[in-house]
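So the chains spell out like this:
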Amino acid sequence: MPFPISSQVQTAQQTPKHYGITSPISLAQPKEADLVLTRKLTETLRPFGVFEEELELQRRILVLGKLNTLVKVWIREVSEVKNIPASVIDNVGGKIFTFGSYRLGVHTKGADIDALCVVPRHVERSDFFSSFYEKLKEQEEVKDLRAVEEAFVPVIKLSFDGIEIDILFARLALQAIPENLDLRDDGLLKNLDIRCIRSLNGCRVTDEILHLVPNIENFRLTLRAIKMWAKRHNIYSNILGFLGGVSWAMLVARTCQLYPNAVASTLVHKFFLVFSKEWPNPVLLKQPEDCNLNLPVWDPRVTPSDRYHLMPIITPAYPQQNSTYNVSTSTRAIMVEEFKRGLAITDEILQNKADWSKLFEAPNFFQKYKHYIVLLASAQAEKQHLEWVGLVESKIRILVGNLEKNEFITLAHVNPQSFPGPKEGTDKEEFSTMWVIGIVFKKMEGSENLNVDLTFDIQTFTDTVYRQAISSKMFEQDMKITAMHVKRKQLQQLLPKMTIQRNKRKLSSDGVRAMNEGSLDLSVDSDNSMSVPSPTGHSAAKLSSPEAESSGETDGRVAVDPAVMAICSFFLLPKCQKFSSLHPSPELEEAVIFMLFFAQFHQFSVLTESLRNTSQTMSNLYCFNKISIFSSTTAFNIDKKSYVLQKNSNADLSDVPILPTNPIAVVKNSIKLRLSR
């Protein structure tokens, strides 16, 4: 549907209808100056391609019509095969619904379409991924057809007449699917499996948003502006810990509720005014409703882990969820900073001191920080590389979380844009993708030099990625992750050429030191990568003292040294008591002792992974960086005695899943810095 200027500046008539969970802040009608600024905003957005031409829009409608007809024909065929009565088949229905940016009316040129195939109760999910998949394959217009049946939300992806479409599946407990079906009806969720509920959630949330804003056209133009601003400022990515499309839509919708009669120029300014304030007050478009279906919902009164969400934006459809679960301390700080900067710029625009173009000026991420970590994911086959990059990208927020918990780091900012990785300089073809993370180190007093070791933070992240790849059976021998530290000056030389100078198989620490010569505040910068045995191979660990090692007492017996126990109690127990929902208790102390014994047998990367996956409560602990005292590269001192982590291949733990026996070549990333004041 086109959005001409004339329709964009429609003003909402003041109505007695109440939107949102609070009263409006202002019911003021727009002035002529507001309408002029809105027209200027529209003209500024046009060169960015945020408005689709009428011809392209009609093409989308035609494609969706063909797809809808195909679904109806397929459902009739499945019904006949299953001997459904003819009287039922005649009215069995079936329908394609849309959601996401297309349904909201804010899709850009060339954007894909999110769709949902809704079927009656006698059509199974297996039918969707078999007979419907085959039917799509027969269509001449369909290209790049692929099914992802094992995904968290199963999907069929395809290109239909050049338009990318993702189709989800939902089977309702209805005999037939009427044309006027309203998916917002909570009763439709009864007796559905969880995958169908997840699939329905996108449509239900999108429809609720459109029903909860006072003026859809003003909402759409404002959302187009905010989404473009977020993309230009590198804060548009749910998977990397920023906000995704639905979260930005809900923030704009809430702004519209607070200023129901305002036009887009005013709403953009009010958006920054409202959301530059203190978080984590939750954003709600309506009062949550309990449908008594026993589905998990966001509720910090009931679920302790929900209390630790940093920027909660709650979906309006049951079951209510926090759409910003991935937001971290760093990403929230970055977004709030951008909100405040946006407020300052829009203040200038409303005072005619600046144009709208200033709001959409892209900051230079690669000049913003003095230190960066470059993360590289590579594989030798293109298909494997695409899968590998998807997995690595989905876990980068874990690396950001590890870095921001480091006592020497204030902020870690990952750029959502990825880049083609460097070439190896060999005849062997390799596909690689690169991400860049800006780092801000704390200013330390009273010390000329600061030694910072990021090895554990990086290695914990890579261990997590490799284990996920192995458990999902997608891992291949040539899949690698490499991390290196570079200074701002070096990064500027690196990015335009899209190449990193390195050896065929590993980064030379001497070479990196040479790169860092001439740097202003880095006297020693040892960034190196080396091949090590896989963290998933059969290797265990045992804590022992140097005296025990020298006396040959390494028979694998489990013995807790009092000094080691003291360290565990000192670092872990207070953290558990402070951040978990449990009260201090003997059971909690037993948990700490269990972690100690677990650590004696297994690498601490495994311990950290297990702790993260144990429960929502344990995921809130901020003690993982403290566990690095047990790292195989680190020693600690208690009562003037040094205790180190020793390997013991004979140890075993019966309740730990069996891992592959063949060692896998893994790149271990060691980043040790010495920073001058």
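Note that the structure is predicted; figures quoted are calculated from it, not measured. (Residues numbered from 1 in each chain as written. Predicted model: local features only at pLDDT ≥ 70, side-chain atom pairs only at ≥ 80, totals over all residues. Heavy atoms only, no water.)

Attention now goes to the environment of Trp-388. Following the sequence through the fold, Trp-388 ends up in helix 13 (residues 382–404). Judged by relative accessible area, Trp-388 falls into the buried class, the value being 0%. Placed 77 residues apart in sequence, Trp-388 and Val-465 show a C-alpha to C-alpha distance of 9.3 Å. In this structure Trp-388 touches Ala-377, Ser-378, Val-465, Tyr-466, Ala-469, Met-474, Met-479, Lys-480 and Ile-481, once residues within four positions along its chain are discounted. (Helix = DSSP H or I, 4+ residues; strand = E, 2+ residues; numbered from the N terminus. Buried < 20%, exposed > 50% of the residue type's maximum accessible area, 1.4 Å probe, protein only. Contact = heavy atoms within 4.5 Å.)

A separate point is helix 6 (residues 125–137). Taking 1.5 Å per residue as the helical rise, helix 6 with its 13 residues ought to reach 18 Å, and the 17 Å between its terminal C-alpha atoms agrees with that figure. Taken together, the buried positions of helix 6 are occupied by Arg-125, Asp-127, Phe-128, Phe-129, Phe-132, Tyr-133, Lys-135 and Leu-136. (Expected span 1.5 Å × (residues − 1).)

Attention now goes to the environment of Lys-137. Checked against the element boundaries, Lys-137 lands in helix 6. It is 9.6 Å that separates the C-alpha atoms of Lys-137 and Leu-158, two residues lying 21 residues apart in sequence.

For the pair helix 3 (residues 54–81) and helix 6, interaxial distance at closest approach is 11 Å and the crossing angle is 125°. Here helix 3 is positioned oblique relative to helix 6, judged by the angle of their axes. Considering the relative orientation of helix 3 and helix 6, their crossing is right-handed. For the pair formed by helix 3 and helix 6, the contact residues are Leu-67, Leu-70, Val-71, Val-73, Trp-74, Glu-77 and Val-78 on the first element and Asp-127, Phe-128, Ser-131, Phe-132, Lys-135 and Leu-136 on the second. Along the lines of polarity and charge, the residues of the contact of helix 3 with helix 6 split into nine nonpolar, one polar and three charged. (Axes fitted to C-alpha atoms, helices over the stretch in contact; angles between N-to-C directions. Parallel < 35°, antiparallel > 145°, perpendicular 65-115°, else oblique. Left-handed = near helix turned anticlockwise from the far one by under 90°. Nonpolar A, V, L, I, M, F, W, Y, C, P; charged D, E, K, R; others polar.)

The subject of this paragraph is the packing of aromatic side chains. Evaluation of the coordinates by the stated rule reveals 23 aromatic pairs. The interplanar angle of 90° and the centroid separation of 6.1 Å between the aromatic rings of Trp-229 and Trp-248 together place this pair among those described as edge-to-face. Here Trp-229 is found in helix 8 (residues 216–232), whereas its partner Trp-248 is found in helix 9 (residues 245–258), with 19 residues between them in sequence. The buried category is assigned to Trp-229, whose relative accessible area is 1%. Feature note: the residues Trp-229, Trp-248, Phe-271, Phe-272, Phe-275, Trp-279 and Phe-339 constitute an aromatic cluster, connected by ring pairs. A cation over an aromatic ring shows up here: Arg-46 above the ring of Phe-51, its NZ or CZ 5.0 Å from the ring centre. Between Arg-198 and the ring centre of Phe-152, over which it is positioned, the NZ or CZ distance is 3.7 Å. (Phe/Tyr/Trp six-rings, centres within 6.5 Å; stacked < 30°, edge-to-face > 60°. Lys NZ or Arg CZ within 6 Å of the ring centre and 35° of its normal.)

So far we have only geometry, and geometry alone does not tell us how the molecule works.
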